[in-house]
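In case you want the letters, here they are:
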2 protein chains.
Amino acid sequence: MPKIVNHQHRREEIADSVLQLVARDGFNAVTMRAVAKESGWSTGVIGHYFEDRHDMLIAALRRAAYLQAAQFKSTRTNSNNPLDRLEKLVISVLPLDDRRVALTKIFLFFYAEAVQDETSREEVAEYLQNWRRVITRTLAEAQSLGLMSAATNPDTAAFHIVAYADGLASQAILDPDVLERMRANPEPFINVVLDSIKR
Amino acid sequence: MPKIVNHQHRREEIADSVLQLVARDGFNAVTMRAVAKESGWSTGVIGHYFEDRHDMLIAALRRAAYLQAAQFKSTRTNSNNPLDRLEKLVISVLPLDDRRVALTKIFLFFYAEAVQDETSREEVAEYLQNWRRVITRTLAEAQSLGLMSAATNPDTAAFHIVAYADGLASQAILDPDVLERMRANPEPFINVVLDSIKR
């Protein structure tokens, strides 16, 4: 009997290896050969799942977005306090570990590509819109519990918070000053978000 | 007598043409031929000033940064009110006209490159540090005039404001929802900055 291979699972496993490579060495390090080495599969197997380098980078982008969405979901399950969740949602995108370094780096690659390519731009815009939706929902809940000023529009505030968190994540990758500050004391970076909606 | 050519001036003129191309068609549109057509010079003249496509993109990055610095300087000259200047400084980076669309797009290209290339990363980090320095100076002045809470650290606030403005500029290029909102009413985007330091 032939062995049953879970192709979806194997694709994800290889995408995880691509993300590991991106976190450690950047997206230029992503080649069939390097991904084969990182994942422990042969280049033949990798070639079966991915057409080329760009195909692997897209898989890594989607995997990073999927892992991020799972993170959003677990935040929702683990706390009833929406402000506590808002804090965790912001922290979950800041590049403070390998998963989040890979997330930011792969998004920086596709942000540049989105300037040129409408398909990439649409995909990136969709992720940004989903992210804002999660934040808007959390803020609306905070407001209904009286934890946020009634004068603040959750939808508008979500635009600000997502722009801030996104800029912060990118700059932490680009400028060690930002990363060091964030690592030494993330509190002011979180407080600026919380303060912006409480009053 | 041979004609005296101002090489520095001609380089800048060509870099401006590169920025025009980037604003209109993105950085993939930057080729020797396209820049020759855009600037009205022959590809021979372009080749005299720039080695290759990447060389032209670097010139465009530096030109965009120079024009942005000139903008910062004129803001300083044109108003004595530091909060008024802070508002103009934030608006000056948002992609609401060709100059600023080109600025954001060329930076998105080099943000991605900075993930891979240490020289680009250092250059990008230096621009971010300069930008924060301008904001910090403006905030310190606002504070000395009693226009900003004495409890707010200008240096820390500059980190937040620059992250926010940068994220906002990128997202306006990536997601039409952000650009439309900003165009329809830039006030909430500015107010969130002013509110964050006033109280």
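Residues numbered from 1 in each chain as written. Chains lettered and ligands numbered in written order. Predicted model: local features only at pLDDT ≥ 70, side-chain atom pairs only at ≥ 80, totals over all residues. Heavy atoms only, no water.

(A) Representation of the packing of helix H8 (residues 154-174) of chain B against helix H10 (residues 187-198) of chain B within the structure. Residue and element names in this part refer to chain B. Where H8 contacts H10, the two axes come as close as 11 Å, and the packing angle between them is 170 degrees. If you check the angle between H8 and H10, you find them roughly antiparallel. Between H8, through Ala-157, Ile-161, Tyr-164 and Leu-168, and H10, the contact on the second element is made entirely by Phe-189, Val-192, Val-193 and Ile-197. (Axes fitted to C-alpha atoms, helices over the stretch in contact; angles between N-to-C directions. Helix = DSSP H or I, 4+ residues; strand = E, 2+ residues; numbered from the N terminus. Parallel < 35°, antiparallel > 145°, perpendicular 65-115°, else oblique. Contact = heavy atoms within 4.5 Å.)

(B) Structural detail: the side chain of His-160 of chain A. Looking at where His-160 of chain A falls in the secondary structure, it is placed in helix H8 (residues 154-174). For His-160 of chain A, a relative accessible area of 9% translates into the label buried. Reaching out from His-160 of chain A, the side chain makes a polar contact with the side chain of Tyr-164 of chain B at a distance of 2.7 Å. In contact with His-160 of chain A, not counting residues within four places along its chain, are Tyr-164, Pro-188, Phe-189 and Val-192 of chain B. (Buried < 20%, exposed > 50% of the residue type's maximum accessible area, 1.4 Å probe, protein only. Polar contact = N/O pair within 3.5 Å; in protein donor to acceptor, adjacent residues only side chain to side chain.)

(C) Broad picture of the interface of chain B and chain A. Between chain B and chain A, the contact holds 40 residues from the first and 40 residues from the second. Carbon and sulfur atoms supply 63% of the area buried between chain B and chain A, which totals about 3,600 Å² over both sides. Connecting chain B to chain A are four salt bridges. Two residues, Arg-181 of chain B and Asp-155 of chain A, come together in a salt bridge whose shortest N-O distance is 2.3 Å. For the pair chain B and chain A, the interface holds 18 residue pairs in polar contact (both at pLDDT 80 or more). Listing elements by their share of the side of chain B that touches chain A, those giving two or more residues are helix H6 (98-116), helix H7 (118-144), H8, helix H9 (176-184) and H10 of chain B. Considering every element that reaches the side of chain B that touches chain A, the biggest residue donor is H8 of chain B, with 13 residues. Residue classes in the side of chain B that touches chain A are distributed as 22 nonpolar, eight polar and 10 charged. (Buried area = accessible area lost by both parts, 1.4 Å probe. Salt bridge = Lys/Arg side-chain N within 4 Å of Asp/Glu carboxyl O. Nonpolar A, V, L, I, M, F, W, Y, C, P; charged D, E, K, R; others polar.)

(D) Structural detail: the environment of Pro-188 of chain B. Looking at the element boundaries, Pro-188 of chain B is found in helix H10. Along the sequence, Pro-188 of chain B and Leu-128 of chain B sit 60 residues apart, while their C-alpha atoms lie 24 Å from each other. Residue contacts for Pro-188 of chain B: discarding those within four places in its chain leaves Thr-156 and His-160 of chain A.

(E) Structural context of the pattern of salt bridges. Residue and element names in this part refer to chain A. Here the structure, examined in full by the defined rule, presents 24 salt bridges over all chains. A salt bridge links Arg-63 to Glu-12; the nearest nitrogen and oxygen atoms lie 3.6 Å apart. Pair noted here: Arg-63 is in helix H4 (residues 53-78) and Glu-12 is in helix H1 (residues 7-25), with a separation of 51 residues, a long-range link. Salt bridges linked by common partners bring Glu-12, Asp-16 and Arg-63 together as one network.

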